[in-house]
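# Coordinate inspection notes
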Amino acid sequence: MTGNDLIKKLQDKRKTKIISYITSDRPGITSMIEDSMLRELYDHLRLIKGQDIDLFLYSRGGASVVAWGVVNLIREYAKNFCVLIPYKAHSCATAIAIGSDNIVMGKLAELGPVDPTIQTTSRGGRLDVSVEDMSGYINFLKNKFKIKAEDKSIKAFEKLADEASPLTLGRAYREYIKAREDTKKLLSFSYEDKAIDKIVEILVEKLYSHFHLINRREAKE
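Predicted model only: the values in this text are computed from it and were never measured.

With that out of the way, let us pick up the overall build of the protein chain. The helix and strand tally for the protein chain stands at nine helices and six strands. For the protein chain, the residues scored as buried account for 38% of the 221 residues in total. For the protein chain, the proportion of contacts with a sequence separation of at least 24, taken over those separated by at least 6, is 66%. By element, 52% of the accessible surface of the protein chain is carried by carbon and sulfur atoms, the whole surface being about 13800 Å².

Next up, the structure:
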């Protein structure tokens, strides 16, 4: 039985139309979620307008800003929008999932934090920068080593700016603000206001590691 046969069987069982979106995480042939997918997604959606649509999703993530576009495009056409997660749906894929009406996770399924990471260069090499990494550095100095004097804090920040550059810090912070706002808007499709702020806090900040894996029990909580 081929992959298409299995998807057809699942589609018949769920009585929906299923669109599959899978990016590779195999060494040497990795791919990520990017905005070029929107045109191809549109070509599929306009053939099935007004029906219940499942997005069968497997991805380690990609460009964080794409999630908002994907969710809004699907919602233009779907009567009800559900995301099916058999295994990995990290970062941007998690952001897409939380914008759906329902998430169905298999026993191996994984969601993850949606804190953004940007790429820049430092001393000739590539550097991945997260706002949470930067705030972690400052909090590490303050909380672990009790550095509170203003002059020492300034020196610590100067060291950070020297490593990442002031413009990179500014860009990372803007991406962080956008991640929070997009996450809040995506959740607002299906969640009550009183729950949204707490979920945003967890997904953007409080998991503390971008590599934290959220299983389906934790996702339900």
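Moving on to the sheet that holds strand β2 (residues 51-58). The strands that make up a sheet are held in pairs by hydrogen bonds between backbone atoms, and each pair lies either parallel or antiparallel. Taken together, four strands build an open sheet; the order of strands is β1-β2-β3-β4 and the sheet is parallel. Edge positions in the sheet fall to β1 (17-22) and β4 (102-105), since each has one partner strand and no second. Sheet twist, expressed as the average angle between the axes of neighbouring strands with direction ignored, equals 25°. Here β1 pairs with β2 via six bridges, running parallel. Across the sheet, the residue bridging to Ile18 is Asp54, located in β2. Helix-sheet contacts for helix α1 (residues 3-14) involve β1, β2, β3 (78-85) and β4, and the interaxial angle to β1 is about 140°.

Right, let's get into the packing of helix α2 (residues 37-45) against helix α3 (residues 66-77). At a minimum axis distance of 10 Å, the contact between α2 and α3 shows a crossing angle of 10°. With respect to α3, the axis of α2 lies roughly parallel. The residues of α3 that touch α2, namely those facing Met37, Leu38, Leu41, Tyr42 and Leu45, are Val66, Gly69, Val70, Leu73, Ile74 and Tyr77. Partitioned by chemical class, the residues of the contact of α2 with α3 number 10 nonpolar, one polar and no charged.

In this model, α1 (12 residues) spans 17 Å end to end at C-alpha, consistent with the 16 Å of a helix rising 1.5 Å per residue. A positive backbone phi angle near 55° is found at Lys15, which sits one or two residues after α1.

As a working rule, side chains carrying opposite charge can pair if their charged atoms are close by. The final tally for this structure, using the stated rule, is 12 salt bridges. Glu192 serves as the salt-bridge partner of Lys194, at 3.9 Å between the closest nitrogen and oxygen. For Glu192, a relative accessible area of 54% translates into the label exposed. A single salt-bridge network, built from bridges that share partners, covers Arg39, Asp43 and Arg46.

This brings us to the pairing of β3. Within β3, six of the eight residues are buried, which leaves it mostly tucked inside the rest of the structure. Relative to β3, β2 runs parallel, the two being bridged by six bridges. Residue pairing for β3: Asp52 is matched across the bridge by Asn80. Between β2 and its parallel partner β3, the chain crosses via α3, and the hand of that crossover is right-handed.

Basis of the calculations
- Residues numbered from 1 in each chain as written.
- Predicted model: local features only at pLDDT ≥ 70, side-chain atom pairs only at ≥ 80, totals over all residues.
- Heavy atoms only, no water.
- Helix = DSSP H or I, 4+ residues; strand = E, 2+ residues; numbered from the N terminus.
- Buried < 20%, exposed > 50% of the residue type's maximum accessible area, 1.4 Å probe, protein only.
- Contact = heavy atoms within 4.5 Å.
- Areas by Shrake-Rupley, 256 points an atom, 1.4 Å probe, with all protein chains shown as cover.
- Pairing = 2+ DSSP bridges.
- Axes fitted to C-alpha atoms, helices over the stretch in contact; angles between N-to-C directions.
- Parallel < 35°, antiparallel > 145°, perpendicular 65-115°, else oblique.
- Nonpolar A, V, L, I, M, F, W, Y, C, P; charged D, E, K, R; others polar.
- Expected span 1.5 Å × (residues − 1).
- Salt bridge = Lys/Arg side-chain N within 4 Å of Asp/Glu carboxyl O.
- Right-handed = clockwise from strand over helix to strand, strands pointing away.

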